[in-house]
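Here's the letter readout for the chains.
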Amino acid sequence: MYAAHPPQVTRPDLMALVEKYDGRAPRYTSYPTAVQFNPGVDVATYEAWLAALPADEAVSVYAHIPFCGRLCWFCGCSTRAVNRHEPVSEYAKLLVEELGLVRKALGATRPARAVHLGGGTPNMLSPDDMEILFGAIAETFALRDDAEVAAELDPATLTRDWVQAAGRHGLNRASLGVQSLSPQVQAAVNRKESYEEVARCVSWLREVDVGSVNIDLMYGLPHQTSINMVETLDRIIGLRPERLALFGYAHVPWMKAHQQLIDEAALPGPMERLDQSEAAAERLIAAGYVRIGLDHFALPGDELAIALAEGRLHRNFQGYTTDDAGALIGVGASAIGFLPQGFVQNAAQELPWRKAIAEGRLATARGVALSDEDRFRGEIIERLMCDLKADLSELCARHGREVEVLAPALRRLRDFEDDGLVRLDGACVQITELGRLLVRSVCAVFDAYFEPEAGRHSKAI
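Please read all numbers here as calculations on a predicted model, not as lab measurements.

About the cut-offs
Residues numbered from 1 in each chain as written. Predicted model: local features only at pLDDT ≥ 70, side-chain atom pairs only at ≥ 80, totals over all residues. Heavy atoms only, no water. Axes fitted to C-alpha atoms, helices over the stretch in contact; angles between N-to-C directions. Helix = DSSP H or I, 4+ residues; strand = E, 2+ residues; numbered from the N terminus. Parallel < 35°, antiparallel > 145°, perpendicular 65-115°, else oblique. Contact = heavy atoms within 4.5 Å. Nonpolar A, V, L, I, M, F, W, Y, C, P; charged D, E, K, R; others polar. Core = buried A, V, L, I, M, F, W, Y, C linked by side-chain atoms within 4.5 Å. Buried < 20%, exposed > 50% of the residue type's maximum accessible area, 1.4 Å probe, protein only. Pairing = 2+ DSSP bridges. Salt bridge = Lys/Arg side-chain N within 4 Å of Asp/Glu carboxyl O. 1 Å grid on protein atoms, 1.4 Å probe; cavity = no way out; pocket = protein on both sides within 12 Å on 5 of 7 lines; lining within 4 Å. Points joined across faces, edges and corners; volume = space filled by probe spheres on them. Arc of directions from axis to C-beta.

Here's the deal with the packing of helix H3 (residues 86–106) against helix H4 (residues 127–140)
The interhelical angle for the contact between H3 and H4, taken along N-to-C directions, is 0 degrees, at an axis separation of 9 Å. With respect to each other, H3 and H4 are oriented roughly parallel. Between H3 and H4, the contacting residues are Val88, Ser89, Ala92, Lys93, Leu95, Val96, Leu99, Val102, Arg103 and Leu106 on the first element and Asp129, Ile132, Leu133, Ala136, Ile137, Glu139 and Thr140 on the second. Looking at the contact of H3 with H4, its residues break down into eleven nonpolar, two polar and four charged.

Comments concerning the nonpolar core
Leu50 and Phe141 are the most contacted members of the largest nonpolar core, which has 82 residues in total. The leading source of residues in this core is H3, at ten residues. Each residue touching Leu50, except ones within four places of it in the same chain, is listed here: Val102, Ala105, Leu106, Arg110, Ile329, Leu339 and Leu362. With 48 residues, the next largest nonpolar core counts Leu294, Cys386, Leu392 and Ala444 among its residues.

Remarks on the pairing of strand S18 (residues 422–425)
Covered by surrounding structure in S18 are Val422 and Leu424 only, the residues Arg423 and Asp425 on the alternate face being uncovered. The hairpin formed by S18 and strand S19 (residues 428–431) contains two residues between the paired strands, and Gly426 there has a positive phi angle of roughly 65 degrees.

Things to note about the sheet that holds S19
The antiparallel open sheet is built from three strands, whose spatial order is S17-S19-S18. Since the sheet does not close on itself, it has two edges, and those belong to strand S17 (389–391) and S18, each with one partner. With strand direction ignored, the average angle separating the axes of adjacent strands in the sheet is 10 degrees. Two elements, S17 and S19, share three bridges in a ladder whose sense is antiparallel. Bridged to Asp391 within S19 is Cys428. Lying on the sheet, helix H12 (residues 372–387) is in contact with S17 and S19; it crosses S17 at an angle near 140 degrees. With respect to the sheet, helix H14 (residues 407–418) is in contact with S18 and S19, its orientation differing from that of S18 by roughly 130 degrees.

Examining the pattern of salt bridges
According to the stated counting rule, one finds 32 salt bridges in the structure shown. A salt bridge links Glu193 to Arg191; its shortest N-O distance comes to 3.5 Å. Across the pair Arg312 and Glu310 runs a salt bridge, and its minimum N-O distance is 2.7 Å. Linked through salt bridges whose partners overlap, the residues forming this network are Arg70, Asp154, Arg191 and Glu193.

A short note on the layout of surface pockets
Taken as a whole, the second largest pocket holds about 870 Å³ of empty space. Around the second largest pocket, the lining is made up of 33 residues, and of these His314, Arg315, Phe338, Gly378 and Glu382 lie nearest the centre. Those elements that place two or more of their residues in the lining of the second largest pocket are helix H10 (303–309), strand S11 (314–316) and H12. Ranked by residue count, the leading element in the lining of the second largest pocket is H12, at nine residues.

Quick word on helix H11 (residues 350–358)
Taken as a whole, H11 has its buried residues at Glu350, Trp353, Arg354, Ala356 and Ile357. In an axial view of H11, the angular spread of the buried residues amounts to 165 degrees, which keeps them on one side of the axis. Seen from the open side of H11, the exposed residues pointing more than 90 degrees away from its buried face are Leu351 and Ala358. Phi turns positive one or two residues past the end of H11, at Gly360, with a value near 80 degrees.

Here is the structure:
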């Protein structure tokens, strides 16, 4: 067995823990989570929140590109496969229109510290599309000289010309979706690509001085094993990406109909998923990577690892991040934004988003206004997700609360402590290495909205 389980924990003990705690739990890329978003936060709300942003505080920008050249059966993103470029170019022009509406609501140009292109597959944009998009971003935001410009990329459709065009717009961080290099696994999820394609993409990114390359991998896919997981890692590690993300496949066919194409009988069970995750972690740590939170790894000199060491790591809808901007402006269908007052989300479906923007109005469909209690619990959850520890006394003092308000949560954590998943020292909570993969379940103890029986979230492992 490859997994680096603590030697004092037997496999039957692990199986019992998995059975006990592997319920469904949010991924906590926000708090409150998207389940709590509601239509009470509308266009008028968003416009007021935008207008109230301080003129001198830098924001971050997220643009969602909901197109792919192929439909991967495991995908949980808001996207669709297209074989013509016209829908993409039309979409890019509407993004420009949306940025104009945002600019009008802001009332003045705001500084920006980061631009993130997500999807979908942002490299479905043509160089001309990017020219108009980045032109509109520059009209709306004053991009700082040290700004991070990042994009999520599909190696199978990425070209050298696209990378060079993106480099001219400041691309300095990129994430390549690989998932697995096992031919059997790739065939089972409709995502075929070779190691040579991935290596070529990394070399193109290095040519334009992209200093931080991330590789996305997954565990828990059909026909995936600890052996082919490690075989994939051995090849990827040779490319020396600065970061790797190791996500657990979330099988939610009732939410994503195309996941019904996956053979459920070929999916690994909870213990196999745990073995795969820990085998991968063991291999990456041996190769010199720092384990970060639930599912990220970074070389010690990467900004993500440095932020972890300095206690300034954050978590948002893009995962673990060093971005501490007080506002994230999201554009595009389904894009989520964050402002001091709360979260906002555009219409999730592309057609309603297109209709709204074409009619000259923002496409805000839902969101949630933050209460003081949300901010308090959200900070506890973020620190646990990022640092695997939280000083509740300190957090309570910062939010003007007594530790006693968390007494019910601390009582619920006693079971976790008895099972070796957390250590409690007064009001300090420390998640153990054994408990790392169940950090979402620990966080759910502090979630005032969480309904464990609702079945709205993916499995914790």
